[in-house]
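# Inside the fold
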Amino acid sequence: QAQLVESGGGLVQAGGSLRLSCAASGRTFSTYAMGWFRQAPGKEREFVASKTWSGARTYYSDSVKGRFTISRDNTKSTVYLQMNSLKPEDTAVYYCNLEGGVHSYWGQGTQVTVSS
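Attention here is on the structure that accompanies the text. (Residues numbered from 1 in each chain as written. Predicted model: local features only at pLDDT ≥ 70, side-chain atom pairs only at ≥ 80, totals over all residues. Heavy atoms only, no water.)

## Some points on the pattern of salt bridges
Close approach of charged atoms lets side chains of opposite charge pair. For the coordinates displayed, the defined rule picks out 4 salt bridges. A salt bridge links Glu46 to Arg38; the nearest nitrogen and oxygen atoms lie 2.7 Å apart. Residue classification places Glu46 among the partly exposed positions, given a relative accessible area of 34%. Ionic pairing is found between Asp62 and Lys65, a salt bridge with its closest N-O pair at 3.5 Å. For the pair shown, Asp62 and Lys65 are each scored as exposed. (Salt bridge = Lys/Arg side-chain N within 4 Å of Asp/Glu carboxyl O. Buried < 20%, exposed > 50% of the residue type's maximum accessible area, 1.4 Å probe, protein only.)

This is the structure we're talking about:
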């Protein structure tokens, strides 16, 4: 099995920046893509960004496009989410996701709070 460990969440002011990290360990050889989702209280989990492990394709939700950047370090099996120009509506628990050939894995989530 693969395990995902997230870090980098915290409290920031509107307009600030934050960088999330997700380190994958275990059986990651079949990884196809890694990405980020988020969920605010009382709302459904929504897609934020994803990137194929080969780097051929990158996707962003319209709400974060131009502000967030997803990147990877294949050697360290780590994916990052650089978040700039943060808004209060970005407040949520952010979850790292790993898509394999037949299984999906999720991190425990990291809280991001943006104050106005």
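## Some points on the packing of aromatic side chains
Ring pairs (aromatic) are described by centroid distance and by the angle formed between their planes. Going through the model one piece at a time under the given rule, you end up with 2 aromatic pairs. Among the aromatic residues, those joined into a cluster by ring pairs are Phe37, Phe47 and Trp106. A cation sits over an aromatic face here: Arg45 above Tyr95, 4.1 Å from the ring centre. If you follow Arg45 out to its NZ or CZ, it ends over the ring of Trp106, 4.6 Å from the centre. (Phe/Tyr/Trp six-rings, centres within 6.5 Å; stacked < 30°, edge-to-face > 60°. Lys NZ or Arg CZ within 6 Å of the ring centre and 35° of its normal.)

## Topic: the sheet that holds strand β1 (residues 2-7)
The sheet built from 4 strands is open, its strands ordered β1-β3-β8-β7 with antiparallel pairing. One side of each edge strand has no neighbouring strand; the edge strands of this open sheet are β1 and β7 (68-73). Neighbour-to-neighbour, the strand axes of this sheet turn through a mean angle of 15°, independent of strand direction. (Pairing = 2+ DSSP bridges. Helix = DSSP H or I, 4+ residues; strand = E, 2+ residues; numbered from the N terminus. Axes fitted to C-alpha atoms, helices over the stretch in contact; angles between N-to-C directions.)

## Comments concerning the side chain of Thr110
With respect to the helices, strands and loops of the structure, Thr110 is situated in strand β11 (residues 110-115). If we ignore the near neighbours within four places in the chain, the residues touching Thr110 are Glu6, Gly9, Leu20, Ala92, Val93 and Tyr94. (Contact = heavy atoms within 4.5 Å.)

## Quick word on the side chain of Asp90
The residue Asp90 is located in the loop between β8 (78-83) and β9 (92-99) in this model. In this structure Asp90 comes out as buried when scored by relative accessible area, which is 1%. Here Arg38 takes part through its side chain, which lies 3.0 Å from a polar atom of the side chain of Asp90. Setting aside chain neighbours within four positions, we find Asp90 in contact with Arg38, Arg67, Phe68, Ser85, Val112 and Val114. (Polar contact = N/O pair within 3.5 Å; in protein donor to acceptor, adjacent residues only side chain to side chain.)

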